Amino acid sequence: GAEVGAADLDVRGCFDATDSTECLQRGFDAAAATGIELVVPAMPAGPWIVRPLYMRRNGTHVRLAPGAIIQARRAAAGKNDFYRGYNDCLLRIMRFLDDDEPPMNSFDKHRVYTTVPLSNVSLRGGAGSALRMWKADYMDRSRYNFTEHR
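Keep in mind it's a predicted model, so treat the numbers as computed, not measured.

Colleague: Let's hear about the state of the cysteines: which residues, and what values?
Modeller: For the coordinates displayed, the defined rule picks out 1 disulfide. Disulfide pairing is shown between Cys14 and Cys23; the S-S distance is 1.9 Å. Because the torsion about its S-S bond is 60 degrees, the bridge between Cys14 and Cys23 counts as right-handed. Of the residues examined, Cys23 reaches a relative accessible area of 4% and is grouped as buried.

Colleague: Describe helix 1 (residues 21-34), with residues and values.
Modeller: Over its 14 residues, helix 1 extends 20 Å from the first C-alpha to the last, a length consistent with the 20 Å expected when each residue adds 1.5 Å. Within helix 1 the residues assigned to the buried category are Thr21, Cys23, Leu24, Gln25, Gly27, Phe28, Ala31 and Ala32. The first or second residue beyond helix 1 is Gly35, which carries a positive phi of 80 degrees.

Colleague: Explain the sheet that holds strand 2 (residues 38-40) to me, and be specific about the residues and the numbers.
Modeller: An order of 1-2-5-10 is seen for the 4 strands of this open sheet, with the pairing classed as parallel. Single-partner strands in this sheet number two, and they are strand 1 (9-10) and strand 10 (122-125). When strand 5 (residues 61-64) meets strand 10, the two strands line up parallel, connected through 4 bridges. The residue bridging Arg63 from the neighbouring strand is Arg124, located in strand 10. Along the sheet, helix 1 contacts strand 1, strand 2 and strand 5; its crossing angle with strand 2, the most-contacted strand, is approximately 150 degrees.

About the thresholds
- Going along each chain's sequence as written, the residues are numbered from 1 onward.
- Whole-chain, interface and lining totals are the exception, using all residues; otherwise, since this is a predicted model, local features are given only for residues with pLDDT of at least 70 and side-chain atom pairs are given and counted only at 80 or more.
- Values reported for side chains reflect all heavy atoms of the structure, with hydrogen atoms and water molecules removed beforehand.
- Cysteine sulfur atoms that come within 2.5 Å of each other are treated as a disulfide pair.
- The buried label goes to any residue with under 20% of its type's maximum accessible area, the exposed label to any with over 50%, and the partly exposed label to all in between, with areas taken from a 1.4 Å probe on protein chains only.
- For helices the rule is a DSSP run of H or I covering at least 4 residues; for strands it is a run of E covering at least 2, with both sets numbered from the N terminus onward.
- The span expected for a helix works out to 1.5 Å for each residue beyond the first.
- Strands were regarded as paired on the criterion that DSSP finds at least two bridges between them.
- What makes two residues a contact is simply this: any of their non-hydrogen atoms within 4.5 Å.
- To get an axis, a line is fitted to the C-alpha atoms, and for a helix only the part in contact is used. The angle between two axes follows their N-to-C directions and goes from 0 to 180 degrees.

Function cannot be inferred from these measures alone, as they are strictly geometric.
Structure follows, in structure tokens:
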């Protein structure tokens, strides 16, 4: 279906208009643990604002409902405290070895992380759904170091 169904994981109750990172990350992890598709609905209050997210387990299935937007959390004026890491991106699809997983938002570009490929994962989107970042901000070399990962 186009919207959240009875058999889907539902994250509407933990939506936060300023930062829904923890909510969606719990949803991604629950989708992998249960084998149930996570449906991210369009919210009347606006997009799902997030710091970097991880699809980090096999069997994770996520569907953006029509009009659902997952958007990078934008740094406050004069600050650049989000997506500063060399490898930071909106959504990373990989699994770290359990003892090697970095805390969210603290990727170290000088450290080698051990990862393994994932299988049986999907990310689908309905009409008008999107993953959005702030390209103009990241291109500003006075605020962000160059990286190809954002």
